Amino acid sequence: GDADDLAQDVFVRAWRQSGQWRGDGSYRGWLFRIAWTVFLDARRSAGRREGRERGFDVERAGTDHDLRLDIDRALARLPDRERAAALLCFAEGCSHAEAAKAMDIPLGTLKSVLARARTALAAQLEAPNG
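Source: prediction; values computed, not measured.

A. Spotlight on helix α3 (residues 66-77). Counted at 1.5 Å a residue, the expected span for α3 with its 12 residues is 16 Å, and the 17 Å between its end C-alpha atoms agrees. Turning to α3, its buried residues number three or more, namely L69, D72, R73, A74 and L75. Along its buried surface, α3 packs onto α4 (80-91) and α6 (107-126).

B. Structural detail: the environment of L121. Within the secondary structure layout, L121 lies in helix α6. The buried category is assigned to L121, whose relative accessible area is 11%. Between the C-alpha atoms of L121 and R73, which are 48 residues apart in sequence, the distance is 9.6 Å.

C. Representation of α6. In this model, α6 (20 residues) spans 28 Å end to end at C-alpha, consistent with the 28 Å of a helix rising 1.5 Å per residue. Tucked into the core, α6 has its buried residues touching α3, α4 and α5 (96-103).

D. Broad picture of the layout of surface pockets. Reported here for the second largest pocket is a volume of approximately 250 Å³. The residue inventory of the lining of the second largest pocket, partitioned by class, reads 3 nonpolar, 4 polar and 5 charged.

E. Layout of the confidence of the model for the chain. The pLDDT averaged across the chain works out to 78; a share of 81% of its residues lies at or above 70. Of all the helices and strands in the chain, helix α2 (residues 27-48) carries the lowest mean pLDDT, 78, while α5 carries the highest, 91.

Procedures and definitions
Residues numbered from 1 in each chain as written. Predicted model: local features only at pLDDT ≥ 70, side-chain atom pairs only at ≥ 80, totals over all residues. Heavy atoms only, no water. Helix = DSSP H or I, 4+ residues; strand = E, 2+ residues; numbered from the N terminus. Expected span 1.5 Å × (residues − 1). Buried < 20%, exposed > 50% of the residue type's maximum accessible area, 1.4 Å probe, protein only. Contact = heavy atoms within 4.5 Å. 1 Å grid on protein atoms, 1.4 Å probe; cavity = no way out; pocket = protein on both sides within 12 Å on 5 of 7 lines; lining within 4 Å. Points joined across faces, edges and corners; volume = space filled by probe spheres on them. Nonpolar A, V, L, I, M, F, W, Y, C, P; charged D, E, K, R; others polar. pLDDT = per-residue confidence, 0-100.

Structure below.
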């Protein structure tokens, strides 16, 4: 439900700001930038609310889903910026330049953040309990 709401907010904001896209980069990168901003706004709002439930229901995971759950848990343990970089580059297939633009950070910073994310994910996935 939250993901659907965020996606709707992204597309509404993109529609309203469509005149601001200058065409100097990819439309995809511009849209990811809007998505990142909407995500951060929602994250800040959620952080103010008490009692928000987060986590994963490990008991419902079958053996076929164990790796996916391990990856989800490892991603959840990352700081927001590292998680976003990892998802943009690893899951969405964005280039480093596109991810840096979407996150509004310098390319070198994105590469450093992504390296930390990769190291942390590898360490967590190699740990005995994932």
